[in-house]
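If you want the building blocks of each chain, they are given just below.
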Amino acid sequence: MLFTGISEEMRPLVVVKLGGSMITVKNRPFTPNIQVIDEVSRQVSELREEYLFILVHGGGSYGHPVASEYRISEGFFHPDQLIGLTKVKLRMNELTQLILASLASYNVPAVPITPVSCLTCSSGKVEKFFTEPLRMMLKLGAVPLLPGDVAMDYSEKKFTIISGDSVAAHLATEFNAFKLIYGTDVDGVFTGDPKHDSNANLIPRLSRGMLNSLKASLTVSDVTGGIFRKIEEGFNAAEKGIRVIIGNLTKPGALISIVKDETGILYTMLEPG
Ligand code: ADP
């Protein structure tokens, strides 16, 4: 069906961050997880009758090896890093293209947007974000698709990496999303890394206070891990009234269950305050 008759602006907005750990095989360079990408596309296609979407994706085994080889997130310290900007873009474009092709095969009208062209940072944080094209796309019912990206930075860093987690939190807040869902390959936030600690328990509702004591009980390397930066970004949105959920989107049907508040699915909800 080409036209549902629903007024486009009436549909609640869901911002979904597709984590690198779910859409790629993280320990195998440049390897996508096509099955998961396709299952997410199928679910977005089904949910579009009732919801608007912004999709953001992480780098996983496409972005991270190249970004760390050229130490892009440390900022500019040597001209040899510049080709690293190109190589990060090359790989991330490949991953965006795979997701775009999958979405198109399910008839989802996604439009890729590259953050480096429409936002600027200061000391690694988003400062200005020209979101007007996204607003116009959403009014039409199109689906903006954005990767985490390299970004220009006004501080002495000159450039940085802006994470998909951060882009997703920023857009969810700006457009007052109904839900912000961080999709990953584990069921949510646990008392320890569930991949290495079989006694770790899922935390269904996580407050900032609990996060601080959780961090204190983990090792330094855990604290610098991606999951905690994601949670920090998530709290920024949760404190502005957005419902923020961290869940496992590698499971078939999980996106639909989380968006529709179906019972029986495990996840972590961030509790503001
Ligand atoms: P993504 O790449 O999907 O955005 P990250 O790799 O940044 O996600 O974070 C998810 C990973 O964090 C999981 O695969 C998990 O192994 C790891 N992790 C470490 N500590 C925890 C924890 N306490 N709770 C949940 N996941 C954790």
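Since we're looking at a predicted model, the values are computed, not measured.

A.B. asks: It is not clear to me how the site of the ligand should be interpreted in this structure. Could you clarify?
C.D. replies: Lining the immediate environment of the ligand, one finds 18 residues, of which Ser-21, Lys-26, Asp-185, Lys-195 and Lys-230 sit closest. Within the contact set of the ligand, an oxygen atom lies 2.6 Å away from a side-chain nitrogen or oxygen of Lys-26. Here a nitrogen atom of the ligand and a backbone polar atom of Phe-190 are 3.0 Å apart. Computed on the free molecule, the ligand has an accessible area of 570 Å², of which 89% lies beneath the protein chains in the complex. Secondary-structure elements contributing two or more residues to the shell around the ligand are helix H1 (20-23) and helix H10 (226-238). Residue contributions to the shell around the ligand peak at 3 residues, all from H10. Split into classes, the residues belonging to the shell around the ligand amount to 5 nonpolar, 7 polar and 6 charged.

A.B. asks: Would you mind showing me how to read helix H7 (residues 164-174) here?
C.D. replies: Along an α-helix, residues three or four positions apart point the same way, because every turn accommodates 3.6 residues. The buried count for H7 comes to 8 of 11 residues, which makes it a mostly enclosed element. Within H7, the full set of buried residues consists of Gly-164, Asp-165, Ser-166, Val-167, Ala-168, Ala-169, Leu-171 and Ala-172. A positive phi of about 50 degrees marks Asn-176, the residue just after H7.

A.B. asks: Could you clarify how one ought to interpret the sheet that holds strand E9 (residues 179-184) in this entry?
C.D. replies: As summarised here, the arrangement of the 8 strands in space is E3-E6-E2-E1-E9-E11-E12-E10, forming an open sheet in which the pairing is mixed. The sheet is open, and its two borders are formed by strand E3 (110-112) and strand E10 (205-207), each paired with just one other strand. Each strand axis lies, on average, 25 degrees off the axis of its neighbour in the sheet, ignoring direction. In terms of strand pairing, E9 meets strand E11 (residues 243-248) through 6 bridges, oriented parallel. Of the residues in E11, the one forming a bridge with Tyr-182 is Ile-246. Packing against the sheet, helix H4 (residues 82-105) makes contact with strand E1 (13-18), strand E2 (52-57), E3 and strand E6 (143-147), and its axis sits at approximately 155 degrees to E6. In the packing of H7 onto the sheet, the strands contacted are E1, E2, E6 and E9, and the crossing angle to E9 comes to about 165 degrees.

A.B. asks: Any chance you could explain the packing of aromatic side chains here in plain terms?
C.D. replies: Each aromatic ring pair is specified by the distance between its two centres and by the angle formed by the two planes. Within this structure, the stated rule accounts for 3 aromatic pairs. Taking 6.0 Å as the distance between ring centres and 20 degrees as the angle between the ring planes, the aromatic pair formed by Tyr-51 and Phe-178 counts as stacked. Placement of the pair is Tyr-51 in the loop between helix H2 (34-47) and E2 and Phe-178 in the loop between H7 and E9, with a sequence separation of 127 residues. For Tyr-51, a relative accessible area of 10% gives the class buried. By relative accessible area, which is 28% here, Phe-178 ends up partly exposed. Geometry around Phe-30 places Arg-91 over its ring, the cationic atom sitting 3.5 Å from the centre.

A.B. asks: I would appreciate a short explanation of the pairing of E9 in the present structure.
C.D. replies: For a regular strand, side chains alternate in direction, first toward one face of the sheet and then toward the other. For E9, the tally of buried residues reaches 6 of 6 residues, placing the bulk of the element in the interior. Because side chains alternate across E9, one face comprises the buried residues Lys-179, Ile-181 and Gly-183, and the other comprises Leu-180, Tyr-182 and Thr-184, equally buried.

How each quantity is defined
- Residues numbered from 1 in each chain as written.
- Predicted model: local features only at pLDDT ≥ 70, side-chain atom pairs only at ≥ 80, totals over all residues.
- Heavy atoms only, no water.
- Near = heavy atom within 4 Å.
- Polar contact = N/O pair within 3.5 Å; in protein donor to acceptor, adjacent residues only side chain to side chain.
- Areas by Shrake-Rupley, 256 points an atom, 1.4 Å probe, with all protein chains shown as cover.
- Helix = DSSP H or I, 4+ residues; strand = E, 2+ residues; numbered from the N terminus.
- Nonpolar A, V, L, I, M, F, W, Y, C, P; charged D, E, K, R; others polar.
- Buried < 20%, exposed > 50% of the residue type's maximum accessible area, 1.4 Å probe, protein only.
- Pairing = 2+ DSSP bridges.
- Axes fitted to C-alpha atoms, helices over the stretch in contact; angles between N-to-C directions.
- Contact = heavy atoms within 4.5 Å.
- Phe/Tyr/Trp six-rings, centres within 6.5 Å; stacked < 30°, edge-to-face > 60°.
- Lys NZ or Arg CZ within 6 Å of the ring centre and 35° of its normal.

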